[in-house]
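Observations on chain architecture
Below are the chains, spelled out letter by letter.
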Amino acid sequence: MLFEKSRHHKLSEFQAVVLAGYGSTNRLYPISEEDNVPKALLPVANKPIISYTLDWLEKAGIHDAILLVQASGTAHQKLSGYIARGYQGSVHCNVVAVDEDFGSADALRSIKDKIERDFIVVPCDLITDLNPREILDIHRVENPTMTALFYESNLSDSGKDDGLAPYVGIDPVQSSLVYKVRRFEDEDFSMRMSLLNKFPRVRVHTNLNDAHLYIFKRWVIDLVADKENISSISEDLIPMLVKCQYQKKMVERENVKSYASAQKSLFSTALSLSTTASDDIDDDQFSPDPTRSTFKSPVTTRAYIYRGGFCGRANTIAGYSELNRHETKQGASITRVPSSTEVAPKTQVGNDSIIGEHTKIDERSSVKKSCVGAHCVIGKNVKIANSVIMDYVVIADNAKVDGCVICNNAKVLEKAVLKDCDVAGEYVVEKDSQVKGEKLVAFREAIN
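Everything numeric in this text was worked out from a predicted model, so none of it was measured. (Residues numbered from 1 in each chain as written. Predicted model: local features only at pLDDT ≥ 70, side-chain atom pairs only at ≥ 80, totals over all residues. Heavy atoms only, no water.)

Here Ala75 lies in helix H2 (residues 75-85). Taking C-alpha positions, Ala75 is 9.8 Å from Ser32, a pair spaced 43 residues apart along the chain. Apart from residues no more than four positions distant in its own chain, Ala75 is found in contact with Pro38, Val69 and Gln70. (Helix = DSSP H or I, 4+ residues; strand = E, 2+ residues; numbered from the N terminus. Contact = heavy atoms within 4.5 Å.)

Pasting the structure below:
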């Protein structure tokens, strides 16, 4: 299935592929379930999270994006509806449905014929202050096969349900990504001698997160299309490209050179036309190093580390909550209480919170460090802190909500107290309930 929104079309240097929340979303259960909204449309500061991704691509000067979403359920329909009627940016979006069992590389394989030039793969849940032109300029100048974005986590709760950051090995001379494996408690790691022969100096980081934002040469999609054993970008494709930098046998076995040589870079074309370039000059001609490998791989990689600014993902509920807190922090340029909202006297809405359109909040209630969606009804003496309340939620008198995510159309009845809970769409929290650290879901009988 394909949905395309027509706009004045511009040709950009890169295409973008946005992984718009298909496949397993267990780490976001139950907030991205069918009775709520698909992952790409989860609200962050009352805007769909994918809108931040599309804004970032627009700043990068990228005008074409393919949005990959699962074919089952209503996710495709809902995302297509948002692109058609809600999205106001200038990125030309194609919404393409893929099998929910596909890995990320399988999904790329399914759209091979739509990829016409170098492309960026980015998740729909990434929010960052990084100026996109910084990483794109590095990629243009150094011209690697692949550039990957890494960042130092600045989310206080990101480690709570996201595991340890991986081992990331980077050559400090060329900033090549030469090693990346998952990290587990009390487990050693090892490196191949062929890696150290090619890259004698490797700096191994344990505090870097993979943003899952990658810039690829066009020929990589041809490689993926032919190698059906490559199912995941991060688990299969990236490790293969990394190893091809120093494993001559892998390059020969996978016939990588034929894929790479099929695409001439602008840089090599410029050199061929240059009157001063010489084919006789070799990088190691004047300073040969007998300890280093003489194997010249057709694959090069680049690791770009973003420090000093904000970067985070909503791939866990803890990460999702933190993104909302970041986007609504004090000083953010957002409309915190729109004119259509009714806030009673003696009710406090903090300058670190946001209230949606047409929401009503009764007297003596308070909202701190929270996002409250549209068309909600908040009763008297309600306390809301550190929470995300989505649209059409009812919270009755004297209820307390702290550290929670409450999905669309849910109800919290009188005097209920919720702490660190995730409440599914349309769930009803009974009167006088006291619940801590639970996922509240209404199980329904399957309808055949």
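Bringing the sheet that holds strand E24 (residues 388-389) into the picture now. By way of backbone hydrogen bonds, the strands of a sheet pair with one another, either parallel or antiparallel. The parallel open sheet is built from 6 strands, whose spatial order is E18-E21-E24-E27-E30-E33. Lying at the two open borders of the sheet, with one neighbouring strand each, are strand E18 (354-355) and strand E33 (439-440). Where E18 meets strand E21 (residues 371-372), 2 bridges bridge the pair, whose relative direction is parallel. For Ile355, the partnering residue across the bridge sits in E21 and is Val372. (Pairing = 2+ DSSP bridges.)

Within this structure, the stated rule accounts for 20 salt bridges. Note that Arg140 is salt-bridged to Asp137, the shortest N-O span being 2.7 Å. Of this pair, Arg140 and Asp137 are both found in helix H4 (residues 132-142), 3 residues apart, which corresponds to roughly one turn of the helix. Under the relative-accessibility criterion, Arg140 is labelled partly exposed at 32%. Residue Asp137 is classed as partly exposed on the basis of its relative accessible area, which comes to 39%. (Salt bridge = Lys/Arg side-chain N within 4 Å of Asp/Glu carboxyl O. Buried < 20%, exposed > 50% of the residue type's maximum accessible area, 1.4 Å probe, protein only.)

On to unusual backbone geometry, then. The linkage connecting Tyr29 with the following residue, Pro30, adopts the cis geometry, with an omega of 5°. Within the secondary structure, Pro30 is located in the loop between strand E2 (15-19) and strand E3 (43-44). Positive phi, normally seen in glycine, also occurs at Ala45, with a value near 55°. Here Ala45 shows up in the loop between E3 and strand E4 (47-48). Since its relative accessible area comes to 8%, Ala45 is described here as buried. Positive phi, close to 50°, is recorded for Asn386, a residue that is not glycine. Considering the arrangement of structural elements, one finds Asn386 in the loop between strand E23 (383-385) and E24.

A few words on the packing of aromatic side chains. A complete count under the given rule lists 3 aromatic pairs for this structure. With a centroid separation of 5.4 Å and 35° between ring planes, the pair formed by Phe119 and Phe216 is classed as tilted. Note that Phe119 is positioned in strand E7 (residues 119-123) and Phe216 in strand E13 (residues 208-216), a separation of 97 residues in sequence. The two residues Phe119 and Phe216 agree in class, both being buried. Grouping aromatic residues by their ring pairs yields a cluster made of Phe119, Tyr214 and Phe216. Over the ring of Tyr167 we find Arg183, and its NZ or CZ is 5.7 Å from the ring centre. (Phe/Tyr/Trp six-rings, centres within 6.5 Å; stacked < 30°, edge-to-face > 60°. Lys NZ or Arg CZ within 6 Å of the ring centre and 35° of its normal.)

Considering the arrangement of structural elements, one finds Asp171 in the loop between strand E10 (167-170) and strand E11 (177-181). Leaving out residues up to four positions away in the same chain, Asp171 has contacts with Ser176, Val178, Phe199 and Arg201.

On the surface, Val181, Phe189 and Val204 cluster together into a nonpolar patch covering about 200 Å² of accessible area. Along the chain, Val181 turns up in strand E11. (Patch = residues over 30% accessible without salt bridge, like charges linked within 9 Å, V, L, I, M, F, W, Y side chains within 5 Å. Areas by Shrake-Rupley, 256 points an atom, 1.4 Å probe, with all protein chains shown as cover.)

Below, the discussion takes up the confidence of the model for the protein. A residue-level look at the protein finds 86% of positions with pLDDT of 70 or above and a mean pLDDT of 88. Taken as a whole, residues 157-161 scores under 50 in pLDDT and shows 9 contacts with residues more than four places along the chain or in a different chain. Taken as a whole, residues 280-288 scores under 50 in pLDDT and shows 3 contacts with residues more than four places along the chain or in a different chain. (pLDDT = per-residue confidence, 0-100.)

Within E7, 5 of the 5 residues are buried, which leaves the element mostly enclosed by the surrounding structure. Neither face of E7 is left uncovered, since the one carrying Phe119, Val121 and Pro123 and the one carrying Ile120 and Val122 both have all their residues buried. Where E2 lies against E7, 5 bridges are found, and the strand directions are parallel. Bridge pairing links Ala16 to Ile120 in E7.

Think of an α-helix as turning once every 3.6 residues; residues three or four places apart then point the same way. Pro132, Ile135, Leu136 and His139 are the residues of H4 that are buried. On an axial view of H4, the arc spanned by its buried residues comes to 100°, and they lie on one face. Lining the buried residues of H4 we find helix H1 (49-59), E7, strand E9 (146-152), E13 and strand E14 (301-306). The backbone nitrogen of Arg133 lies 3.0 Å from a side-chain oxygen of the residue at the head of H4, namely Asn131. (Arc of directions from axis to C-beta. Polar contact = N/O pair within 3.5 Å; in protein donor to acceptor, adjacent residues only side chain to side chain.)

If you look at the biggest cluster of nonpolar residues, it comprises 56 residues, and the most contacted ones within it are Ile50, Leu57, Leu67, Leu79 and Leu213. The element that contributes the greatest number of residues to this core is H1, accounting for 6 residues. In this structure Leu57 touches Ala16, Val18, Ile62, Ala65, Val91 and Val122, once residues within four positions along its chain are discounted. (Core = buried A, V, L, I, M, F, W, Y, C linked by side-chain atoms within 4.5 Å.)

Side chains of Asp362, Asp397, Glu414 and Asp432 sit close together on the surface and give a patch of like negative charge. Here Glu414 shows up in the loop between strand E28 (411-412) and strand E29 (417-419). Given a relative accessible area of 35%, Glu414 falls into the partly exposed group. (Lys, Arg positive; Asp, Glu negative; His and termini not counted. Charge placed at Lys NZ, Arg CZ, Asp CG, Glu CD.)

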